[in-house]
Amino acid sequence: MLEIAIKGSKNYWLWIVLLLAIMGAAGIAYIDQFMNGLVISGMSRDVTWGFYIANFTFLVGVAAGGVMVVIPYYLHDYEKFHRITILGEFLAVACLIMCLLFIVVDLGQPTRMLNVLLYPTPHSMLFYDMIVLNGYLFLNIVVGWKVLEAERNQVEPAAWVKPLVYLSIPFAIGIHTVTAYLYCGLPGRGFWLTAILAPRFLASAFAAGPAFLIILCYIIRKFTKFDPGWEAMQTLSKIVCYAVIANIFFFLCEVFVVAYSGIPGHASHLKYLFFGYHGYDMMVPWMWSSFILMGLGAIFLVIPKFRNNYTLLPVTCAMIFIGAWIDKALGMIAGGFVPSPLHHVTEYAPTNQEILISIGVYATGFFVLTILYKLATTVKEEVRG
Amino acid sequence: MMKKSRRSFLKVAGIAAIGMGAAPAMNFASSGSGPVKAPNPEALHAHRWGMVINTNKLTDDVAEAISQVCHASHNVPDFDHEVDEKKYPGLRPVNPKQEIKWIWAEEFHYAFPDKEDEFLAERFHHLPFMVTCNHCKNAPCVQACPTQATFKREDGIVIMDFHRCIGCRFCMAACPYGSRSFNFRDPRPFIAETDPDFPTRSKGVVEKCNLCAERLAKGKQPHCVEASEGAIVVGDLEDPESEVRALLAEHYTIRRKQALGTEPSVYYIV
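Residues numbered from 1 in each chain as written. Chains lettered and ligands numbered in written order. Predicted model: local features only at pLDDT ≥ 70, side-chain atom pairs only at ≥ 80, totals over all residues. Heavy atoms only, no water.

Caption draft 1: Structural detail: the overall build of chain A. Across its full length, chain A carries 14 helices and zero strands. Each helix and strand of chain A, ordered N terminal to C terminal, gives the series α-α-α-α-α-α-α-α-α-α-α-α-α-α. Taken against the 2.2 N^0.38 rule, which gives 21 Å for 385 residues, the C-alpha radius of gyration of chain A at 21 Å falls within 12% of a compact globule. Projected onto its principal axes, the C-alpha coordinates of chain A cover approximately 65 × 50 × 40 Å. Relative to its 385 residues, chain A shows a buried fraction of 59%. Accessible surface, chain A as shown: approximately 15,500 Å² in total, 72% of it carbon and sulfur. (Helix = DSSP H or I, 4+ residues; strand = E, 2+ residues; numbered from the N terminus. Rg over C-alpha atoms; globule rule 2.2 N^0.38 Å. Buried < 20%, exposed > 50% of the residue type's maximum accessible area, 1.4 Å probe, protein only. Areas by Shrake-Rupley, 256 points an atom, 1.4 Å probe, with all protein chains shown as cover.)

Okay, here's the thing in structure tokens:
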């Protein structure tokens, strides 16, 4: 099936070459980081995770969001999603590859990363994160590939594929729950120490993932002959709508508990994010933008006239996607580490090199995504034709 | 022909497999006749090491001396150190926020942010509160570490294997006391004089106070105790006859962020 990926239009190859060029530039930047250490980053003694782990956290969500097409199709026989299920699964594959890359580029000693396997440590949440992330990646590759291959040969997928599909559903919930547990089990970090963190992660994941999938559907419609189906996209937009409202609601629950109880160890972080703390206010415009974007997006999705507007929908989805990214990537890291456990304020901003390396990881993800989507759309065109 | 070569391959592979299985067994068998490590009779032992800091006895100068001797003898880099340009050409500029420290002085409201009080007695605002690793009984860093590079010894010391650490910094997110530092860069150019009694670190690993485990093993007191002019005492918390227990029985003491349940082993007489 892979041979499909080496036959493409001029635009296809231009895009591939562009991605490879970005990956190359970022690769050089990473080699420099590998040689000299994370000194090249904006991270510090007080803010020890930065842009890499922020993007990792967000992309785990986009990957988990893929399950929002798997559940309706496989559990509820929702036929409209038949065409896009594979898109959700392949999106998860690309996102998980990015997640793993973001973890590797964040390590101080990447050559020792297999120590996690050599000395398995069940009391560390990273141990479970490794299991569920790799497990979900494996499941999506196998399921996506087998189902697509069967479609190409116009036969039913092998019987053993179905159980793997069902297994992938708890794994999708699992990857984001365990990722939240990385944060919310730490006693000294008031911002993360909340039981709502995992549900909130899932809600924003089920908003950001399907929102991105809708945007991808638009792109597929423009550049291929395969039509994912407007009705499927509309259903997806309703899922995004509920999820983004749930995310805002969970956030407001958190705000109430923190503000009404007034416990300083919890309140100082939210205060820093939204109003500034002791004169440090780098995050304030970002956080307000995030919630304005998500809030407006929710309004546009609730009102049917706006939701069903073919031109407005991708804009709404982009707003929600960017809003969720600021909230979960930038806000989660900055809010957790500022102020520090000793209540010192050290702000964090990524360096250009950190951003370049991150863009390189995204380019790698898009490279994988492009090839997988190329396979999926071509096979579906073939079968229809 | 094909069959024969396959058979000879299997034969060689089988012998190799036996060899691989036998090697560890032989190593094990031979280990009895090798040199035996004898415990140092002078080593200091405890069921659970703890520290009592009498802040009233500390001055800024003593506090500074404590940090100095600890950092110098543990090869902790000093980013203010003038780098030898010939030996290390073209180094990147220093980011002071990426500093490394094992024990240092903080003001009261930073050392004890949960005990902040607008009517706090004036003198507390000026006392140096030495903060370091608390060698917690329930250490969140030990729990978080995915490779057991940070682990707890039987005597309560929370210690690190610098060669196993992958540099994920999960322990730093987990520590409620900001006691850990990460080597964002190779520390060696910033070490004025390397102390041969303690290893230097490479870039990309975390480090922190080890309660001078290397000195306790030789029967010596930790550096901070020796430099503290009597302000810091280290001893066995579980021995009712120990000096630390006598101090705890005599004085009212506080610990950092007690409410979190990490059970710090460092006590402060205020």
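Caption draft 2: Highlighting the overall build of chain B. For chain B, the helix and strand inventory stands at nine helices and ten strands. Here the contacts in chain B between residues at least 6 apart in sequence split such that 68% fall between residues at least 24 apart. (Contact = heavy atoms within 4.5 Å.)

Caption draft 3: Quick look at the pattern of salt bridges. Residues and elements named next belong to chain A. The full count for this structure, using the stated rule, is 15 salt bridges over all chains. The salt bridge involving Arg-152 is made with Glu-3; its shortest N-O contact spans 3.1 Å. Taken together, the positions of Arg-152 in helix H6 (residues 125–152) and Glu-3 in the segment before helix H1 (10–36) put the pair 149 residues apart, joining distant regions of the chain. In this structure Arg-152 comes out as partly exposed when scored by relative accessible area, which is 26%. Where Lys-146 meets Glu-149, a salt bridge forms, and the shortest distance between an N and an O atom there is 3.2 Å. Of this pair, Lys-146 and Glu-149 both sit in helix H6, separated by three residues, roughly a single helical turn. (Salt bridge = Lys/Arg side-chain N within 4 Å of Asp/Glu carboxyl O.)

Caption draft 4: View of the side chain of Gln-109 of chain A. As for its placement among the helices and strands, Gln-109 of chain A is situated in the loop between helix H4 (85–106) and helix H5 (115–118). For Gln-109 of chain A, a relative accessible area of 11% corresponds to the buried category. Discounting chain neighbours no more than four positions away, the residues touching Gln-109 of chain A are Cys-165, Ile-166, Gly-167, Ser-202, Lys-203, Gly-204 and Val-205 of chain B.

Caption draft 5: Main features of the nonpolar core. Ranked by size, the top nonpolar core spans 203 residues in total, and within it Leu-87 and Trp-192 of chain A carry the most contacts. Here this core gets 17 residues from one element, more than from any other, and that element is helix H8 (residues 197–223) of chain A. Core analysis: the second largest hydrophobic core is formed by seven residues, Val-52, Leu-237, Leu-247 and Ile-269 of chain B among them. (Core = buried A, V, L, I, M, F, W, Y, C linked by side-chain atoms within 4.5 Å.)

Caption draft 6: How the structure looks around the pairing of strand S8 (residues 232–236) of chain B. Residue and element names in this part refer to chain B. Within S8, five of the five residues are buried, which leaves it mostly tucked inside the rest of the structure. Two elements, strand S1 (residues 49–54) and S8, share five bridges in a ladder whose sense is antiparallel. Bridge pairing in S8 links Met-51 to Val-234. (Pairing = 2+ DSSP bridges.)

Caption draft 7: Representation of the interface of chain B and chain A in the model. Taken together, the 49 residues of chain B in the interface contact 43 residues of chain A. A buried area of about 3,800 Å², summed over both sides, lies between chain B and chain A, and 55% of it is on carbon and sulfur atoms. In this assembly, chain B and chain A are joined by two salt bridges. Across the salt bridge formed by Asp-106 of chain A and Arg-169 of chain B, the nearest N and O atoms sit 2.6 Å from each other. Counting across the chain B and chain A interface gives 33 residue pairs in polar contact (both at pLDDT 80 or more). (Buried area = accessible area lost by both parts, 1.4 Å probe. Polar contact = N/O pair within 3.5 Å; in protein donor to acceptor, adjacent residues only side chain to side chain.)

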